[in-house]
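Fold and contact review
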Amino acid sequence: MSYAIQWLRSLLFTVVMYILMAIYGIVFLPYVLVSPMGGRTACMAYARTVMWLAGWMIGLRFEFRGTVPTYGCMVAAKHQSFMDVMAIYQTMPRPRFIMKRLLLWAPILGLYAYRAGCIPVDRGKKGQAIKDMLARVKAGDQKPGQLCIYPQGTRVAAGAVAPYKKGTAALYGQLQQPCVPVATNVGVFWPKRGIYRKPGVAVFDFLDPIPAGLPLREFMVVLENAIEDRSDALAREAGLDVPQRKSIPPVEPGAPV
């Protein structure tokens, strides 16, 4: 298939995707206003519809590997495109993404994300938001779920390098829950910017959980090595020429946190 034809198919898919967002926003609005369950149902339905459309409109399919967590934990994922938000969200029973408070004002998206249980935070104030969430869980007002974050804090192209944020370690220490790393190569097919979507199979790999209670510096080394090494391997599997990454050496016992 020529690049021009695939680009046109990608453009049509993008248009349909955003039209459907508006349609779902209208159809589910009464349910969303009366129940948080409405937000989760709408987001799940929309994500699965977009994934189904991607298969036959642009030839992009999805594969999930590893064990998807159903227990209370932190999920730290590689963020390469808008698609990985939807793909990861629809796999878990009670996912909660940390999102920028500014997104609350986004049409449709803000209301639905909030009602679905996402946690809006101001920059530098994530800790207070997490404390509030943990208090609600402890009081029985909210069920434990899967707190999803992006350790690099932004979308990073497949094979590219970007630092991991220290806030990830702070949340891990505060939650005192295991952390499930998620690697992906979706950015090979659905880039950070642009219209073109490449056909193929995008893989999301739920890796072995990192147990709670590790020293924070050690946790960050284990997390970054796990996500980056596996994401690079998946990118190579998809045909992208990614140089071999030099893993971060293990933290020596007794090293400062």
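The coordinates are above.
Structural notes, computed from the coordinates. Computed from a predicted structure; not experimentally measured. (Residues numbered from 1 in each chain as written. Predicted model: local features only at pLDDT ≥ 70, side-chain atom pairs only at ≥ 80, totals over all residues. Heavy atoms only, no water.)

**Let's talk about helix α9 (residues 216-237)**
Convention followed: Per the convention used, a helix needs a DSSP run of H or I reaching at least four residues, while a strand needs a run of E reaching at least two, with both numbered from the N terminus. One fewer than the residue count of a helix, multiplied by 1.5 Å, yields its expected span. The cut-offs for exposure are 20% and 50% of the maximum accessible area for each residue type, with area from a 1.4 Å probe on protein chains only; residues under the lower value are buried, those over the upper are exposed, and the others partly exposed. Residue contacts follow a heavy-atom distance rule, with two residues in contact if any of their heavy atoms lie within 4.5 Å.
An ideal rise of 1.5 Å per residue puts 32 Å on 22 residues; α9 measures up with 31 Å between its terminal C-alpha atoms. Taken residue by residue, α9 has Phe219, Met220, Val221, Leu223, Glu224, Asn225, Ile227, Glu228, Ser231, Asp232, Leu234 and Ala235 as its buried positions. Looking at the packing, one finds that the buried side of α9 touches β1 (60-66), β2 (73-77), α7 (167-175), β6 (179-184), α8 (186-189) and β7 (200-206). Trailing α9 by a residue or two, Gly239 shows a phi angle of about 100°, which is positive.

**Focus: the side chain of Asn185**
Defined as follows: Distance and chemistry together define a polar contact, namely a pair of N or O atoms within 3.5 Å, with one atom able to donate a hydrogen and the other to accept it when in protein, and with adjacent residues in sequence counting only for side-chain atoms on both sides.
As for its placement among the helices and strands, Asn185 is situated in the loop between β6 and α8. Asn185 sits in the buried class, given a relative accessible area of 1%. Engagement of the side chain of Asn185 in a polar contact is seen with the backbone nitrogen of Val203, the distance being 2.8 Å. Here the side chain of Asn185 touches Leu234 through a polar contact of 2.9 Å, landing on its backbone oxygen. With near-sequence residues (within four places) excluded, Asn185 lies in contact with Gln80, Val201, Ala202, Val203, Leu234, Ala235 and Ala238.

**Digging into the pairing of β6**
A regular strand carries its side chains on alternate faces of the sheet. For the record, the criterion: By the convention used here, strands pair only if DSSP detects at least 2 bridges between them.
Taking burial as the measure, the six residues of β6 include six buried ones, the bulk of the element. Both faces of β6 are covered, namely the face carrying Cys179, Pro181 and Ala183 and the face carrying Val180, Val182 and Thr184. Across four bridges, the pairing between β2 and β6 is parallel. Along β6, the bridge assignment pairs Val75 with Val180. Alignment of β6 against β7, held across three bridges, turns out to be antiparallel. Of the residues in β7, the one forming a bridge with Thr184 is Phe204.

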